[in-house]
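What follows is the residue order along each chain.
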Amino acid sequence: MSAVDKIKNKAEELLGQGKEATGEATGNRDLQAEGQKDQASGNAKQAGEKVKDIFK
């Protein structure tokens, strides 16, 4: 996994955490759900990159 990909995926995960927390604090369910989706996406991308690294 390239360092750039790691940073991008982690940034997406952290952005999702921020959105989720903001949505929870403001009662905005849509923002909260979007944050959860972003976190899941970032985690899935990280897992996919790790699998690719195994087969290199």
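Here the structure is a predicted model, which means the values were calculated and not measured.

Draft legend 1. Summary view of the UniProt feature "domain: CsbD-like" (unreviewed entry) in the chain. Here, the residues flagged by UniProt with the feature "domain: CsbD-like" (unreviewed entry) are residues 5-56. The span residues 5-56 is 92% helical and 0% strand by assignment, and the distance between its end C-alpha atoms comes to 16 Å.

Draft legend 2. Just the pattern of salt bridges, in detail. Going through the model one piece at a time under the given rule, you end up with five salt bridges. With its nearest N and O atoms 3.0 Å apart, the salt bridge here joins Lys-19 to Asp-38. Here Lys-19, found in helix H1 (residues 3-26), pairs with Asp-38, found in helix H2 (residues 29-54); they are 19 residues apart in sequence, far enough to count as distant. Each member of the pair Lys-19 and Asp-38 is classed as buried. Two residues, Lys-52 and Glu-49, come together in a salt bridge whose shortest N-O distance is 3.2 Å. Linking Lys-52 with Glu-49, this pair stays in helix H2, spanning three residues, or about one helical turn. We classify Glu-49 as buried; its relative accessible area is 14%. Each of the salt bridges in this network shares a partner with another, and the network as a whole consists of Lys-19, Glu-34 and Asp-38.

Criteria and cut-off values
Residues numbered from 1 in each chain as written. Predicted model: local features only at pLDDT ≥ 70, side-chain atom pairs only at ≥ 80, totals over all residues. Heavy atoms only, no water. UniProt positions renumbered as here; feature names shortened; annotations may be inferred. Helix = DSSP H or I, 4+ residues; strand = E, 2+ residues; numbered from the N terminus. Salt bridge = Lys/Arg side-chain N within 4 Å of Asp/Glu carboxyl O. Buried < 20%, exposed > 50% of the residue type's maximum accessible area, 1.4 Å probe, protein only.

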